[in-house]
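An overview of the molecular structure
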Amino acid sequence: MPPTAPSPQTAAPRATGRPARLGAVPPLGAAPAPGRRRSRPCGPLSPAQAEVLRIVSDARTPVFVTVRDGGRRRYSYWRPLDSATGKGGCYVALPTAECDALHAAGRITLGDPLADPARTTYRVSAPRTPAAPLRAVGGRVRAA
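Worth saying up front: this structure is predicted, and the values here are computed from it rather than measured.

Right, let's talk about the confidence of the model for the chain for a bit. Averaged over every residue, the pLDDT of the chain is 76; residues scoring 70 or more account for 61%. Ignoring residues within four places in sequence, the model shows residues 33-39, a span with pLDDT below 50, making eight contacts including any to other chains.

Shown next as structure tokens:
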């Protein structure tokens, strides 16, 4: 039997900005579809998520996520050597589940990818919150 031709598609799945199937997770680092906002949960963070967010928010500690060919992700940062305790001087892995939850909630963002043959690395950062608008000061009353 001759193979049948696949049915033509009107647009490539990636061109539409939507996952290929309902409930599919878009690739890591993919921008949200136009016109859609990521939901930000208003609930409190778990202690592990709060610690991850504290580390990511510190500008002196660069945090990276490495995505391997199979899709495995590893969030990590370099812990400098502490001369008082003699500890540190090594890479430290962060809990992947908490980091993925923070990324899905929009509390951490990924920078530009750096692609190698076996992996892709992204810089992880906390999104900047816009400054509060300045209030117009009403009529001031002067003391006599």
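This brings us to the pairing of strand β6 (residues 119-125). In the sheet, strand β1 (residues 63-68) pairs with β6 via six bridges, with the strands oriented antiparallel. Residue pairing across strands places Val63 opposite Val124, the latter belonging to β6. Across two bridges, the pairing between strand β4 (residues 109-110) and β6 is antiparallel. In the sheet register, Thr109 faces β6, and the bridge partner there is Ser125. Taken together, the two bridges between strand β5 (residues 114-115) and β6 define a ladder with antiparallel strand orientation. Note on β6: the bridge partner recorded for Ala115 is Thr120. Hairpin remark: β5 followed by β6, antiparallel, with three residues in the connecting loop.

Within this structure, the stated rule accounts for one aromatic pair. Relative to Tyr91, the ring of Trp78 has its centre 4.9 Å away and its plane inclined at 75°; by these criteria the two rings are edge-to-face. With a gap of 13 residues between them, Trp78 in strand β2 (residues 73-79) and Tyr91 in strand β3 (residues 90-94) connect regions that are remote in the sequence. For the cation-ring pair, Arg123 lies above Phe64, with the distance from its terminal atom to the ring centre recorded as 5.7 Å.

Turning our eyes to something else, we now look at helix α2 (residues 96-105). For α2, the complete set of buried residues consists of Cys99, Asp100, Leu102, His103 and Ala105. Close packing links the buried residues of α2 with α1 (47-57), β2, β3 and β4. Phi turns positive one or two residues past the end of α2, at Gly106, with a value near 85°.

On to the side chain of Thr61, then. With respect to the secondary-structure elements, Thr61 resides in the loop between α1 and β1. Residue classification places Thr61 among the buried residues on the basis of a relative accessible area of 16%. Once you skip the residues sitting within four places of it in the chain, Thr61 turns out to touch Ile55 and Tyr77.

Another point: the packing of α1 against α2. Here α1 crosses α2 at 75°, and the two axes come no closer than 9 Å. Taken together, α1 and α2 sit at an angle that is classed as roughly perpendicular. Residues Ala48, Gln49, Val52 and Leu53 of α1 form the contact with α2, whose participating residues are Glu98, Cys99, Ala101 and Leu102.

With that settled, the discussion passes to the nonpolar core. Among the nonpolar cores identified, the biggest contains 17 residues, and Val63, Val65, Tyr75, Leu94, Ile108 and Val124 are the most heavily contacted of them. Of all the elements in the fold, those that place two or more residues in this core are α1, β1, β2, β3, α2 and β6.

To continue, consider α1. The set of residues buried in α1 consists of Gln49, Val52, Leu53, Ile55 and Val56. Projected down its long axis, α1 carries its buried residues within an arc of 160°, all on one side. Buried residues along α1 sit against β1, β2, β3, α2 and β6.

So, how was this worked out
- Residues numbered from 1 in each chain as written.
- Predicted model: local features only at pLDDT ≥ 70, side-chain atom pairs only at ≥ 80, totals over all residues.
- Heavy atoms only, no water.
- pLDDT = per-residue confidence, 0-100.
- Contact = heavy atoms within 4.5 Å.
- Pairing = 2+ DSSP bridges.
- Helix = DSSP H or I, 4+ residues; strand = E, 2+ residues; numbered from the N terminus.
- Phe/Tyr/Trp six-rings, centres within 6.5 Å; stacked < 30°, edge-to-face > 60°.
- Lys NZ or Arg CZ within 6 Å of the ring centre and 35° of its normal.
- Buried < 20%, exposed > 50% of the residue type's maximum accessible area, 1.4 Å probe, protein only.
- Axes fitted to C-alpha atoms, helices over the stretch in contact; angles between N-to-C directions.
- Parallel < 35°, antiparallel > 145°, perpendicular 65-115°, else oblique.
- Core = buried A, V, L, I, M, F, W, Y, C linked by side-chain atoms within 4.5 Å.
- Arc of directions from axis to C-beta.

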